[in-house]
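Below, each chain spelled out in residue letters.
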Amino acid sequence: MSTSPGEPGARDPGPRSGPAALLRGFVVLGVAVLLLAGLLRACSFAPGQPEVDRESLPRVDPAAELRRAQPSVGVPLRVPTLPPDWIAQSSDVVVVGPPGDTAAPRAARVGWVTPEDEFARLVQSDADEVALVVSEAGDPTATGTAEAGGRTWVTHTGRRGETLWVTDVDGVRLLVTGSAPVERFRQLAEATLAAPFVR
């Protein structure tokens, strides 16, 4: 007497096989491979600093930007001349003090990408030195001094490990910061001290 599947004593036909099942398996495997490839691409390891595409960097004219900034900052601003492999790519004016405080000092900032694709920023303001350093680095630690351009610069390390140099010239604070190496800090500091004032 024969039995049919589902009846007591029926034999389990086992997993289905054939071309349709094989095709489903390939589809599932293909989706898994694509997902894994996308994940690996998103998480790929790049040793060292991220590459900078110098051709696509935004560029600014430091002289023009500082000329516009001078009325709101209210102090003479210097325009350093740097080699062509320094790319000026950012500028702004920030309040050195509580947000919305219309009486707080302002600071003019210009940022460059250095030849090593690191970053360096010049900040100029008549703000108090401590307030200016805090506005740039959060909770800095004084680390000593450095000599550049015939002047002594007080050095600090910011909360993210960035270096800051600051000096006072006739009541104007000059601050250099960024990820650039010491020789680039010195180059920017010297160029700034030798620079003419914006006109």
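Residues numbered from 1 in each chain as written. Predicted model: local features only at pLDDT ≥ 70, side-chain atom pairs only at ≥ 80, totals over all residues. Heavy atoms only, no water.

A. The arrangement of the overall build of the chain in detail. Check the secondary structure of the chain and you find four helices and seven strands. Shown N-terminal to C-terminal, the secondary structure of the chain runs as helices and strands in the order α-α-β-β-β-α-β-β-β-β-α. Counting every position in the chain, which comprises 199 residues, the buried fraction comes to 33%. (Helix = DSSP H or I, 4+ residues; strand = E, 2+ residues; numbered from the N terminus. Buried < 20%, exposed > 50% of the residue type's maximum accessible area, 1.4 Å probe, protein only.)

B. Main features of the sheet that holds strand S7 (residues 172–178). The seven strands lie next to each other as S1-S2-S3-S7-S6-S5-S4, forming an open sheet whose pairing is antiparallel. Only two strands of the sheet have a single neighbouring strand rather than two, namely strand S1 (87–95) and strand S4 (141–148). Sheet twist, expressed as the mean angle between neighbouring strand axes with direction ignored, is 20°. Where S1 lies against strand S2 (residues 106–113), eight bridges are found, and the strand directions are antiparallel. Among the inter-strand pairings, Ala-88 is bridged to a residue of S2, identified as Trp-112. Against the sheet, helix H4 (residues 182–193) touches S2, strand S3 (119–125), S4, strand S5 (151–157), strand S6 (163–169) and S7, its axis set at about 20° to S6. (Pairing = 2+ DSSP bridges. Axes fitted to C-alpha atoms, helices over the stretch in contact; angles between N-to-C directions. Contact = heavy atoms within 4.5 Å.)

C. Just the side chain of Arg-109, in detail. Structurally, Arg-109 is set in strand S2. Residue classification places Arg-109 among the buried positions, given a relative accessible area of 15%. Engagement of the side chain of Arg-109 in a polar contact is seen with the side chain of Asp-92, the distance being 2.8 Å. There is a polar contact of 3.0 Å between the side chain of Arg-109 and the side chain of Glu-136. Once residues lying within four places of it in the same chain are set aside, the contact partners of Arg-109 are Ser-90, Ser-91, Asp-92, Val-94, Arg-121, Leu-122, Val-123 and Glu-136. (Polar contact = N/O pair within 3.5 Å; in protein donor to acceptor, adjacent residues only side chain to side chain.)

D. Expanded view of the layout of surface pockets. Here the largest pocket is characterised by a volume of approximately 200 Å³. Breaking the lining of the largest pocket down by element, the ones donating at least two residues are S1, S2, S3 and S7. Among the residues forming the lining of the largest pocket, the class breakdown is three nonpolar, six polar and five charged. (1 Å grid on protein atoms, 1.4 Å probe; cavity = no way out; pocket = protein on both sides within 12 Å on 5 of 7 lines; lining within 4 Å. Points joined across faces, edges and corners; volume = space filled by probe spheres on them. Nonpolar A, V, L, I, M, F, W, Y, C, P; charged D, E, K, R; others polar.)

E. Just H4, in detail. When the terminal C-alpha atoms of H4 are compared, their 17 Å separation across 12 residues agrees well with the 16 Å that a helix rising 1.5 Å per residue should span. Of all the residues in H4, the buried ones are Arg-184, Phe-185, Leu-188, Ala-189, Ala-191, Thr-192 and Leu-193. Looking at the buried residues of H4, the elements they touch are S2, S3, S4, S5, S6 and S7. (Expected span 1.5 Å × (residues − 1).)

F. Spatial organisation of the packing of aromatic side chains. Under the criterion given, the structure shown has two aromatic pairs. Ring geometry for Trp-153 against Trp-165: centres 6.4 Å apart, planes inclined by 50°, an arrangement best described as tilted. Of this pair, Trp-153 sits in strand S5 while Trp-165 sits in strand S6; the two residues are 12 residues apart in sequence, bridging distant segments of the chain. Exposure class is identical for Trp-153 and Trp-165. Each is buried. Note on Trp-165 and Phe-185: the rings are 5.5 Å apart at their centroids and 65° apart in plane angle, and the pair reads as edge-to-face. Of the two residues, Trp-165 sits in strand S6 while Phe-185 sits in helix H4, which places them 20 residues apart along the sequence. For Phe-185, a relative accessible area of 2% puts it in the buried group. Taken together, Trp-153, Trp-165 and Phe-185 form an aromatic cluster joined through their ring pairs. (Phe/Tyr/Trp six-rings, centres within 6.5 Å; stacked < 30°, edge-to-face > 60°.)

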